[in-house]
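# Descriptive analysis of the structure
One letter stands for each residue in the lines below.
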Amino acid sequence: MNKIKIGICGATGVVGQNYIKLLQGHPWFQIVDVAASPRSAGKTYAEAAGFKWQMPMSIPDSVKDLIVRDVQDFESIPDDLSFVFSAITMPTKDQIKEVEFKYAEKGIPVISNNSAHRWTPDVPMIIGEINHKHADVIPIQQKNRGFDKGFVVVKPNCSLQSYLTATYAIEAAGYKIDKLIITTLQAVSGAGYPGVASLDVVDNIVPYIGGEEEKTEQEPHKILGKVGENGIVNDDSIQISSTCTRVAVSDGHTASVNMKFKDKVPSKEEIIKIWTEFKSVPQELNLPFAPKRPIIYLENIDRPQPKKDRDNDKGMAVSVGRLRKDNVFDYKFVALSHNTVRGAAGGSILTAELLKAKGLIK
Ligand code: NAP
């Protein structure tokens, strides 16, 4: 089968490198284009990534000699590119919005990790197991903005991947959640490269990550929303309060979650059964990056732990444990997901597979 030719914008960064690692041997997609800042443009990928390469493998032969393009050199986008993953950082969100819409205007679908377009109502923010139906907004976006084949789809913030699938599964089984209090313990790789200074984080916890609490509290409302005439209509029925902290862990965001139900309260056994049996469209379609079990409940009292559980099902499963009664709310639990895999590159690859299965990527 001829593979679909794809590009990575921001290929030299932490998330970009994860795409390169994860897409090796992908049955459908082949990386043919890498782009980054003007600093990297014109160099081979190996020269541009250089000492920043963080993956536990050498730079693959198929990528190391590709010449890095400037992300904003729109004229040099290869004609045969089917879509791009975007993992760029830029000084302002407006610049990123403009760049991503420019690719869409040029007929190139963009699957983005950046937060710039997360609040654009006609841009869907997709977690395959939760809101695959939000892909129905794509034709609305194309009509609104005069795009022919191009569009922009985003992936939500990396920290909420750890708990939102778990709470969604419970709601989908008929138990409405009223309130969530969430405390995250987020890995340093979440800040990109070079990220948090070692002197700030070694032997320490930083109890603030700029903009993260707002994203954790607000993005679920869009993800749980419905497709309306002009875009997504938010669902604000769950009240969320969060505290986001940075801890000295390389990969894997953990969340401690307290959960209160609206009326019916399931038993502990029911919740564990719901989590263990939960499956959704990516599993039904047998997509290459779909975890067999999206939620894995760990019975050991001291799990999940980032070092031991972040790679469950190739980093695509959410690991949950310590479900117990809460003295103030109804239950509390601890959840973990791999931030650069499920929360970034792997999650977006799953979205791309879903869009291909829906015929939106050719
Ligand atoms: P990063 O390591 O800092 O990488 C940034 C990338 O953007 C590099 O390829 C860099 O190229 C490029 N870039 C920087 N300035 C640019 C410019 N002016 N024009 C074009 N490209 C430019 O960041 P990251 O952690 O990979 O994050 C990338 C995006 O994903 C961010 O929006 C981030 O919020 C999001 N995200 C990250 C994570 C995570 O866990 N790390 C999770 C979810 C989402 P050069 O090498 O040439 O500078």
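Just so we're clear, the structure is a prediction, and the values are computed from it rather than from any experiment.

Rules of the game
- Residue positions are given per chain, counting from 1 as you read along its sequence in written order.
- For this predicted model, a pLDDT threshold of at least 70 governs which residues receive local features, and a threshold of 80 or more governs which side-chain atom pairs are given and counted, while totals over whole chains, interfaces and linings are taken from all residues.
- Computation of side-chain values: all heavy atoms of the structure, hydrogens and water removed.
- Working definition: rings of Phe, Tyr and Trp (its six-membered ring) pair if their centres are within 6.5 Å, and the pair is stacked with planes under 30 degrees apart, edge-to-face with planes over 60 apart, and tilted otherwise.
- Numbering goes from the N terminus for both helices and strands, where a helix is a DSSP run of H or I of at least four residues and a strand is a run of E of at least two.
- The rule is simple: take the accessible area with a 1.4 Å probe, protein chains only, and divide by the maximum for that residue type; under 20% is buried, over 50% is exposed, in between is partly exposed.
- We call a charge positioned over a ring when the NZ of a Lys or the CZ of an Arg lies within 6 Å of the ring centre and within 35 degrees of the ring normal.
- For each domain, the first and last residues come from an automatic or database assignment.
- Buried area is understood as the total, over both parts, of accessible area removed when two parts are fitted together, assessed with a 1.4 Å probe.
- Here, a salt bridge means any side-chain nitrogen of Lys or Arg that lies within 4 Å of a carboxyl oxygen of Asp or Glu.
- Pairs of N or O atoms are called polar contacts if they sit within 3.5 Å, as long as, within protein, a hydrogen donor faces a hydrogen acceptor (for residues adjacent in sequence, only side-chain-to-side-chain pairs).
- Note that Gly is not counted as nonpolar here; it falls among the polar residues with everything else outside the nonpolar set of Ala, Val, Leu, Ile, Met, Phe, Trp, Tyr, Cys and Pro and the charged set of Asp, Glu, Lys and Arg.
- If DSSP finds at least two bridges between two strands, the strands pair.
- Any pair of residues with heavy atoms lying within 4.5 Å of one another is described as a contacting pair.
- Between the N-to-C directions of two axes lies an angle of 0 to 180 degrees, each axis being a line fitted to C-alpha atoms and, for a helix, fitted only over the stretch in contact.
- In this text, near means that some heavy atom of the residue lies within 4 Å of the molecule or strand in question.
- Residue exposure ignores everything except the shown protein chains as possible cover, and the areas themselves are Shrake-Rupley values with a 1.4 Å probe.
- We call two directions roughly parallel when the angle between them is under 35 degrees, roughly antiparallel when it is over 145, roughly perpendicular when it lies between 65 and 115, and oblique otherwise.

## Things to note about the packing of aromatic side chains
According to the stated counting rule, one finds 13 aromatic pairs in the structure shown. Considering the side-chain rings of Y168 and F278, the 6.1 Å spacing of their centres and the 80 degrees angle between planes classify their relative orientation as edge-to-face. On the criterion of sequence distance, the pair formed by Y168 in helix α7 (residues 161–172) and F278 in the loop between α10 (268–277) and α11 (281–284) is long-range, its members being 110 residues apart. Since its relative accessible area comes to 23%, Y168 is described here as partly exposed. Taken together, Y19, W28, F29, F83 and F85 form an aromatic cluster joined through their ring pairs. If you follow K102 out to its NZ or CZ, it ends over the ring of F74, 5.9 Å from the centre.

## Describing the domain arrangement of the protein chain
For the protein chain, the assigned domains are domain 1 (4–158 + 345–357) and domain 2 (159–337). Overall, the association of domain 1 and domain 2 removes approximately 3,200 Å² of surface from exposure, summing both partners, and the carbon and sulfur fraction of that is 68%. When the buried surface of domain 1 facing domain 2 is broken down by residue, E129, I130 and N157 rank first, second and third, together holding 22% of it. The tally of links between domain 1 and domain 2 comes to one salt bridge. As a salt-bridge pair, R118 and E219 come within 2.8 Å of each other at their nearest N and O atoms. Seen at the junction of domain 1 and domain 2, the total is 17 residue pairs in polar contact (both at pLDDT 80 or more). Listing elements by their share of the side of domain 1 that touches domain 2, those giving two or more residues are α1 (14–22), α5 (128–131), α6 (137–145) and α13 (341–357). Considering each element in turn, the side of domain 1 that touches domain 2 owes the most residues, seven residues, to α13. Within the side of domain 1 that touches domain 2, the residues separate by chemical class into 19 nonpolar, 13 polar and eight charged.

## Digging into the sheet that holds strand β13 (residues 295–298)
The mixed open sheet is built from seven strands, whose spatial order is β8-β11-β7-β12-β15-β14-β13. Each edge of the sheet is formed by a strand with only one pairing partner; in this case those strands are β8 (205–206) and β13. Relative to strand β15 (residues 331–337), strand β12 (residues 253–261) runs antiparallel, the two sharing seven bridges. Across the sheet, residue N258 finds its bridge partner in β15, namely K332. Strand contacts of helix α9 (residues 212–223): β7 (177–186) and β11 (239–247), with the helix running at about 140 degrees to β11, the strand carrying the most contacts.

## Section: the site of the ligand
Neighbouring the ligand are 28 residues; T12, S37, S40, K52 and N114 lie closest to it. Measuring from an oxygen atom of the ligand, one finds a side-chain N or O atom of S40 at 2.5 Å. In the model, an oxygen atom of the ligand is placed 3.1 Å from a nitrogen or oxygen of the N339 side chain. In the complex, 86% of the free accessible area of the ligand, which totals 890 Å², lies under the protein chains. Grouping the amino acids of the shell around the ligand by side-chain chemistry returns 11 nonpolar, 14 polar and three charged.

## Regarding the pattern of salt bridges
Inspection of every chain in the model, using the stated rule, returns 13 salt bridges. Notably, a salt bridge pairs K102 with E105, separated by 3.9 Å at the nearest N-O pair. Of this pair, K102 and E105 both sit in helix α4 (residues 93–105), three residues apart, roughly one helical turn. Take K102: its relative accessible area is 29%, and that puts it in the partly exposed class. Overall, E105 belongs to the exposed group, its relative accessible area being 53%. Counted as one network, the salt bridges with shared partners bring together D61, K64 and D65.

## Some points on the environment of V341
Relative to the assigned elements, V341 resides in helix α13. Distance from V341 to V15, taken between C-alpha atoms, is 8.3 Å for residues 326 residues apart in sequence.

## Quick notes on the packing of α7 against α10
Two elements in contact, α7 and α10, have axes whose closest approach is 9 Å; the angle formed by their N-to-C orientations is 110 degrees. When the axis of α7 is compared with that of α10, the two are roughly perpendicular. Between α7 and α10, the contacting residues are A166, A169 and I170 on the first element and I271, I274 and W275 on the second. Grouping the constituent residues of the contact of α7 with α10 by class yields six nonpolar, no polar and no charged.

## Focus: the pairing of β13
Burial along β13 is two-sided: I295 and Y297 facing one way and I296 and L298 facing the other are all buried. As paired strands, β13 and strand β14 (residues 318–325) are joined by four bridges and run parallel to one another. Within β14, the residue paired with I295 across the bridge is V318.

## Re the pairing of β11
The pairing of β7 with β11 spans eight bridges and is parallel. Bridge pairing in β11 places I182 opposite S242. Strand direction decides the pairing type here: β8 and β11, joined by two bridges, are antiparallel. By the bridge assignment for β11, I205 is matched with V247.

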